[in-house]
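# Per-entry structural report
Okay, here's what each chain looks like letter by letter:
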Amino acid sequence: HEAKKTRAGFHRFREEQRQDVAARLSLLGELRRALDDPGQLTLNYQPKVAVDTGELVGVEALARWTHPERGPISPADFIPVLEVTNLMHRFTEHVLLIALRQARAWLDAGHRVPIAVNVSSRSLLDPDFPGKVAALLAETGVPGELLSIEVTEYALMNDPDTAIEALHRLLESGVKGSIDDYGTGYSSMTYLKVLPIAELKIDRSFVLDIASNHSSRALVASTVELGHRLGLTVVAEGVEDQEAADALREIGCDTAQGYFFAKPMPAEALTERLPATLLTA
Ligand code: C2E
Ligand code: MG
Ligand code: MG
Ligand code: MG
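Remember, predicted model here, so these are calculated numbers, not experimental data.

This part is about the overall build of the protein chain. Looking only at helices and strands, one finds twelve helices and nine strands in the protein chain. Here the protein chain has a C-alpha radius of gyration of 20 Å; the compact-globule value for 281 residues is 19 Å, and the two agree. Counting only C-alpha atoms, the protein chain reaches 75 × 45 × 40 Å along its principal axes. Residues counted as buried form 47% of the 281 residues belonging to the protein chain. The long-range fraction of contacts in the protein chain, counting pairs at least 24 apart against all pairs at least 6 apart in sequence, stands at 68%. Of the roughly 14200 Å² of accessible surface on the protein chain, 53% is carried by carbon and sulfur atoms. Placing the 28 positive and 40 negative side-chain charges of the protein chain at their respective mean positions leaves the two points 7 Å apart.

Let us look at the site of ligand 1. In the vicinity of ligand 1 there are 21 residues, among which Arg 64, Asn 118, Asp 180, Glu 240 and Tyr 259 approach most closely. Asp 180 places a side-chain nitrogen or oxygen 2.8 Å from an oxygen atom of ligand 1. In this structure, Tyr 259 approaches ligand 1 through a main-chain N or O atom, which is 2.8 Å from an oxygen atom. Expressed as a share of its isolated accessible area of 800 Å², the protein-covered part of ligand 1 is 84%. Of the pockets mapped on this structure, ligand 1 occupies the largest pocket. If you list the elements that add at least two residues to the shell around ligand 1, you get β2 (56–67), α2 (75–83), α3 (87–108) and β6 (176–182). Element by element, the count of residues in the shell around ligand 1 is highest for β2, at four residues.

Let us now look at the coordination of the magnesium ion (ligand 3). Those protein atoms acting as donors to the magnesium ion (ligand 3) are Asp 180 (OD), Asp 181 (OD), Glu 237 (OE) and Glu 237 (OE), and they sit at 2.0 to 2.6 Å. Site description for the magnesium ion (ligand 3): donor spacing in sequence, D-D-x55-E. Distance-wise, the magnesium ion (ligand 2) is placed 3.9 Å from the magnesium ion (ligand 3), both being coordinated by Asp 180. One end of the pair, Asp 181, is in strand β6; the other, Glu 237, is in the loop between β8 (233–236) and α11 (242–251), with 56 residues separating them in the sequence. Residue Glu 237 is classed as buried on the basis of its relative accessible area, which comes to 12%.

This brings us to the side chain of Gln 257. Within the secondary structure, Gln 257 is located in the loop between β9 (255–256) and α12 (267–273). A relative accessible area of 1% places Gln 257 in the buried class. Every residue in contact with Gln 257, bar those within four places of it in the chain, is listed here: Gln 46, Pro 47, Lys 48, Glu 60, Lys 201, Val 235, Ala 236, Glu 237, Gly 238 and Val 239.

The subject of this paragraph is the pairing of β8. Here strand β7 (residues 199–202) pairs with β8 via four bridges, running parallel. Considered in β8, the bridge of Leu 200 is made with Val 234. Pairing between β8 and β9: two bridges, direction parallel. Counterpart to Val 235 in the pairing with β9 is Thr 255.

As a further point, take the side chain of His 89. Along the chain, the position of His 89 falls in helix α3. Leaving out residues up to four positions away in the same chain, His 89 has contacts with Arg 122, Ser 123, Asp 126 and Lys 132.

The geometry of α3 relative to helix α5 (residues 129–140) is characterised by a closest axis approach of 10 Å and an angle of 30° between their N-to-C directions. In terms of orientation, α3 lies roughly parallel with respect to α5. Taken as a pair, α3 and α5 cross one another with a handedness that is right-handed. Across the interface between the two elements, His 89, Thr 92, Glu 93, Leu 96, Leu 97, Leu 100, Arg 101 and Arg 104 from α3 touch Phe 129, Lys 132, Val 133, Leu 136, Leu 137, Glu 139 and Thr 140 from α5.

Among all positions in α2, only Phe 78, Val 81 and Leu 82 are buried. With its buried residues spanning 100° around the axis, α2 presents them on a single face. Its side-chain oxygen placed 3.0 Å from the backbone nitrogen of Ala 76, Ser 74 serves as the N-cap of α2.

Below, the discussion takes up the pattern of salt bridges. Going through the model one piece at a time under the given rule, you end up with twelve salt bridges. Among the salt bridges present, the one from Glu 150 reaches Lys 201, with a minimum N-O distance of 2.8 Å. Placement of the pair is Glu 150 in strand β5 (residues 147–152) and Lys 201 in strand β7, with a sequence separation of 51 residues. Two residues, Glu 250 and Arg 217, come together in a salt bridge whose shortest N-O distance is 2.7 Å. Remark: Arg 217 occurs in helix α10 (residues 214–229) and Glu 250 occurs in helix α11; sequence separation between them is 33 residues. Among the residues examined, Glu 250 registers a relative accessible area of 61% and is labelled exposed. Three or more residues joined by partner-sharing salt bridges are found here, namely Lys 48, Glu 60, Glu 150, Glu 199 and Lys 201.

Scoring rules and cut-offs
- Residues numbered from 1 in each chain as written.
- Chains lettered and ligands numbered in written order.
- Predicted model: local features only at pLDDT ≥ 70, side-chain atom pairs only at ≥ 80, totals over all residues.
- Heavy atoms only, no water.
- Helix = DSSP H or I, 4+ residues; strand = E, 2+ residues; numbered from the N terminus.
- Rg over C-alpha atoms; globule rule 2.2 N^0.38 Å.
- Buried < 20%, exposed > 50% of the residue type's maximum accessible area, 1.4 Å probe, protein only.
- Contact = heavy atoms within 4.5 Å.
- Areas by Shrake-Rupley, 256 points an atom, 1.4 Å probe, with all protein chains shown as cover.
- Lys, Arg positive; Asp, Glu negative; His and termini not counted.
- Charge placed at Lys NZ, Arg CZ, Asp CG, Glu CD.
- Near = heavy atom within 4 Å.
- Polar contact = N/O pair within 3.5 Å; in protein donor to acceptor, adjacent residues only side chain to side chain.
- 1 Å grid on protein atoms, 1.4 Å probe; cavity = no way out; pocket = protein on both sides within 12 Å on 5 of 7 lines; lining within 4 Å.
- Sits in = over half its atoms within 2 Å of the grid points.
- Donors = N, O, S within 2.8 Å, 3.2 Å for Na, K, Ca; no water.
- Pairing = 2+ DSSP bridges.
- Axes fitted to C-alpha atoms, helices over the stretch in contact; angles between N-to-C directions.
- Parallel < 35°, antiparallel > 145°, perpendicular 65-115°, else oblique.
- Left-handed = near helix turned anticlockwise from the far one by under 90°.
- Arc of directions from axis to C-beta.
- Salt bridge = Lys/Arg side-chain N within 4 Å of Asp/Glu carboxyl O.

See the structure below:
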């Protein structure tokens, strides 16, 4: 009896695994097609704002995939699938090219808009990556100072030597490094000491309840102080309400992102919100 149950369980497990692999393979095939179809993979831009004035100081580019039949598919669902294949390299280049073309369009309209692009561990650790970024900057005529690259702690800890080398080479093009989702990975003092980065982005799990949770507030306050002492800009992500924004202002956090200020939006909508301070001098 037991054996039969176990065998049934095993078959069910195998069947689920098979479906999972099949689903991933079909998603990959569809991503490959999407990369050849400019309408499917686009970018939204979420404002990064100064905590004290609410003024826009830059944007984060966030990938959006609209499948022709299945509709929108979240990056949380397709990025992990890309992460295990070399198709990620094509995707990263695609995202960088759209973002830099947008930065170019804003420059042509008289706006210097700093843009942050998320780059996966796989792409950052690709030895060709810094060279590709330099080539795309040259192709679009965007100064490297306007671009920053957001990488997660995982990417940095996975292969720190290669990550450090890549960040140094990016800096030679003027491109800044930023640690995304800070505090959720293996936060280590060693890498804060050696990594050539310009920004820490505190993960939204610490920001969401900052006004009501004493521990979150203490962790954010000390991270802001740590970042500042290291000469880094500190960004809080996931600011959803006035209370969180107020707490961040009291703490002295420079920059924030979140639904309270603005959701990610298409480039045209963002253009309407560009402040005079980002006008080219
Ligand atoms: P992330 O880089 O940490 O981006 C922040 C995510 O939080 C975005 O989700 C954004 O829409 C969402 N968000 C912004 N404000 C709020 C808020 O106030 N509350 C809440 N609950 N969420 C907020 P999204 O766009 O779904 O992206 C999810 C993740 O997918 C990103 O996290 C990033 O890791 C990855 N991703 C997105 N676009 C790209 C890309 O072009 N390349 C790579 N490699 N990864 C990307
Ligand atoms: Mg990010
Ligand atoms: Mg983040
Ligand atoms: Mg995140």
